[in-house]
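Listed below are the residues making up each chain.
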Amino acid sequence: QVQLVEFGGGLVQPGGSLTLSCVASESMFSHYTMGWYRQAPGKQRELVAQITSDYRTNYTDSVRGRFTISRDNAKNMVYLQMNPLKSEDTAVYYCNVYELGYWGQGTQVTVSS
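Bear in mind that the values here come from a model prediction, so they are computed numbers and not experimental data.

(A) Quick look at the overall build of the protein chain. Each helix and strand counted, the protein chain has 0 helices and 11 strands in total. The order of α-helices and β-strands along the protein chain, N terminus first, is β-β-β-β-β-β-β-β-β-β-β. Radius of gyration (C-alpha) of the protein chain: 13 Å, near the 13 Å computed for a compact globule of 113 residues. Its C-alpha atoms give the protein chain principal-axis dimensions of about 40 × 25 × 25 Å. When each of the 113 residues of the protein chain is scored for burial, the buried share is 45%. Excluding contacts between residues fewer than 6 apart, the proportion of contacts in the protein chain whose partners are at least 24 apart in sequence is 53%. Working note: accessible area of the protein chain is about 6000 Å², and carbon and sulfur atoms make up 46% of it.

(B) Quick look at the pairing of strand S5 (residues 46-51). Of the pairings in the sheet, the one linking strand S4 (residues 34-39) to S5 comprises 5 bridges and is antiparallel in character. Within S5, the position partnered with tryptophan 36 by the bridge is alanine 49. Counted between consecutive antiparallel strands, the loop separating S4 from S5 contains 6 residues, among which glycine 42 sits at a positive phi close to 75°. The pairing of S5 with strand S6 (residues 57-59) spans 3 bridges and is classified as antiparallel. Bridging across to S6, glutamine 50 finds its partner in asparagine 58. What sits between the antiparallel neighbours S5 and S6 is a turn of 5 residues, in which tyrosine 55 has the positive phi angle 70°.

(C) The sheet that holds strand S8 (residues 77-82), seen in detail. Strand order in the open sheet formed by 4 strands is S1-S3-S8-S7, and the pairing between neighbours is antiparallel. Two strands lie at the open edges of the sheet, namely strand S1 (4-7) and strand S7 (67-72), each paired on one side alone. Pairs of neighbouring strands in the sheet enclose a mean axial angle of 15°, with direction left out of account. Here S1 runs beside strand S3 (residues 18-24); their pairing, made up of 4 bridges, is antiparallel. Each residue of the ladder has a partner; that of leucine 4, found in S3, is alanine 24.

(D) Summary view of the pattern of salt bridges. Taken as a whole and judged by the stated rule, the model has 5 salt bridges. With a shortest N-O distance of 2.7 Å, glutamate 46 and arginine 38 are connected by a salt bridge. Overall, the relative accessible area of 31% leaves glutamate 46 in the partly exposed class. Given the relative accessible area of 5%, arginine 38 is considered buried. Salt bridges sharing partners connect three or more residues here, namely Arg38, Glu46, Arg66 and Asp89.

What counts and how
- Residues numbered from 1 in each chain as written.
- Predicted model: local features only at pLDDT ≥ 70, side-chain atom pairs only at ≥ 80, totals over all residues.
- Heavy atoms only, no water.
- Helix = DSSP H or I, 4+ residues; strand = E, 2+ residues; numbered from the N terminus.
- Rg over C-alpha atoms; globule rule 2.2 N^0.38 Å.
- Buried < 20%, exposed > 50% of the residue type's maximum accessible area, 1.4 Å probe, protein only.
- Contact = heavy atoms within 4.5 Å.
- Areas by Shrake-Rupley, 256 points an atom, 1.4 Å probe, with all protein chains shown as cover.
- Pairing = 2+ DSSP bridges.
- Axes fitted to C-alpha atoms, helices over the stretch in contact; angles between N-to-C directions.
- Salt bridge = Lys/Arg side-chain N within 4 Å of Asp/Glu carboxyl O.

Dropping the structure here:
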């Protein structure tokens, strides 16, 4: 019933920036907490950032101050601005609707010189 699609990943050099986007097919999108997660090769999936329906945000320590999560309810979209990127940010990034337990297919972010 609900679908999430992530896009905006790619290859970037350390110190560069990327903005990830996620679009949700959910009529009550504005009511939900949205999140970005990532999974690096050989590591478990980890929470990167969350944004609630009332625009409260939360970040994992390793990205706080570098990443910014935001949402546009009129477009059913969530964004993740990443600047500056580090090599250790390399991972597949996934979008999540917390209350519904839905996940997108992921978008690859590769940070390499």
